[in-house]
Amino acid sequence: QVQLVESGGGLVQGGGSLRLSCAVSGRTYSSYTMGWFRQAPGQEREFVASISWSGIRRRYEDSVKGRFTISRDNAKNTVNLQMTSLKPEDKAVYYCAADPRGFGMIGEWTEYDYWGQGTQVTVSS
């Protein structure tokens, strides 16, 4: 059984920064592709970033490139999302997700089997 718990969300002014963390339980975490997704009210779930099991490959949604950085620490079973230069349009519930098969790098949410409960990010203008 894999469980994911996000933390680090909150309210920040536009241009500010937040760091989201996801703690993962499960013996095979280090072999999973990990991703971050977000969902704003009334909108579909959106891919934000993904990272391969080794941490070598990373992929970002275009609107966050250069502003967000995904990282992982396999020794600590954590994956992080450093968000800078935040904009009001980044406001959403952010979800951490785990893909055990390795096909999730492209950002298709259906490839991810395990999800956290989400953490709210609010950016004021």
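*Asks:* Describe the overall build of the protein chain, with residues and values.
*Replies:* Assigned secondary structure in the protein chain consists of 0 helices and 11 strands. Going residue by residue from the N terminus, the α and β elements of the protein chain occur as β-β-β-β-β-β-β-β-β-β-β. Compactness check: the protein chain gives a C-alpha radius of gyration of 13 Å against a globular reference of 14 Å for 125 residues, within 12% of the reference. Principal axes of the C-alpha set define a box for the protein chain whose edges measure 40 × 25 × 25 Å.

*Asks:* Tell me about the state of the cysteines, residues and numbers included.
*Replies:* The tally for this structure, following the rule as stated, stands at 1 disulfide. Sulfur-sulfur distance for the disulfide between C22 and C96 comes to 2.2 Å. Across the S-S bond of C22 and C96 the torsion is about -80°, and the bridge reads as left-handed. On the criterion of sequence distance, the pair formed by C22 in strand β3 (residues 18-25) and C96 in strand β9 (residues 92-99) is long-range, its members being 74 residues apart. Note on accessibility: C22 and C96 belong to one class, buried.

*Asks:* Account for the pairing of strand β8 (residues 78-83), with residues named and values stated.
*Replies:* In terms of burial, β8 is a largely internal element, 5 of the 6 residues being buried. Bridge analysis of β3 against β8 gives 6 bridges, and the strand direction is antiparallel. Each residue of the ladder has a partner; that of R19, found in β8, is Q82. Bridge count between strand β7 (residues 68-73) and β8: 6 bridges; the pairing is antiparallel. Residue pairing for β8: R72 is matched across the bridge by V79. Connecting β7 to the antiparallel partner β8 that follows it, the hairpin turn spans 4 residues, and N77 within it adopts a positive phi of roughly 55°.

*Asks:* A description of the sheet that holds β8 should follow, citing residues and the corresponding values.
*Replies:* Hydrogen bonding along the main chain pairs the strands of a sheet, whether they run parallel or antiparallel. Ordered by their spatial adjacency, 4 strands build an open sheet running β1-β3-β8-β7, and the pairing between neighbours is antiparallel. Taken across any chain shown, the strands that pair with only one partner, and hence form the sheet edges, are β1 (3-7) and β7. Along the sheet, successive strands turn relative to each other by an average axial angle of 15°, direction set aside. Two elements, β1 and β3, share 5 bridges in a ladder whose sense is antiparallel. Bridge pairing in β3 links E6 to C22.

*Asks:* Explain the side chain of S52 to me, and be specific about the residues and the numbers.
*Replies:* Within the element layout of this structure, S52 appears in the loop between β5 (46-51) and β6 (58-60). Here S52 is in contact with Y32, T33, R57, R72 and M105, once residues within four sequence places are set aside.

*Asks:* Now, about the nonpolar core: what can you tell me, with residues and values included?
*Replies:* Most often, soluble globular proteins have nonpolar side chains that are buried together. Judged by nonpolar contacts, the single largest core of 29 residues is most densely connected at M34, W36, V79, L81, M83 and Y94. At the level of elements, β3, β4 (33-39), β5, β7, β8, β9 and β11 (119-124) are the ones that each hand at least two residues to this core.

Procedures and definitions
Residues numbered from 1 in each chain as written. Predicted model: local features only at pLDDT ≥ 70, side-chain atom pairs only at ≥ 80, totals over all residues. Heavy atoms only, no water. Helix = DSSP H or I, 4+ residues; strand = E, 2+ residues; numbered from the N terminus. Rg over C-alpha atoms; globule rule 2.2 N^0.38 Å. Disulfide = S-S within 2.5 Å. Buried < 20%, exposed > 50% of the residue type's maximum accessible area, 1.4 Å probe, protein only. Pairing = 2+ DSSP bridges. Axes fitted to C-alpha atoms, helices over the stretch in contact; angles between N-to-C directions. Contact = heavy atoms within 4.5 Å. Core = buried A, V, L, I, M, F, W, Y, C linked by side-chain atoms within 4.5 Å.

Nothing here speaks to function; it is all geometry.
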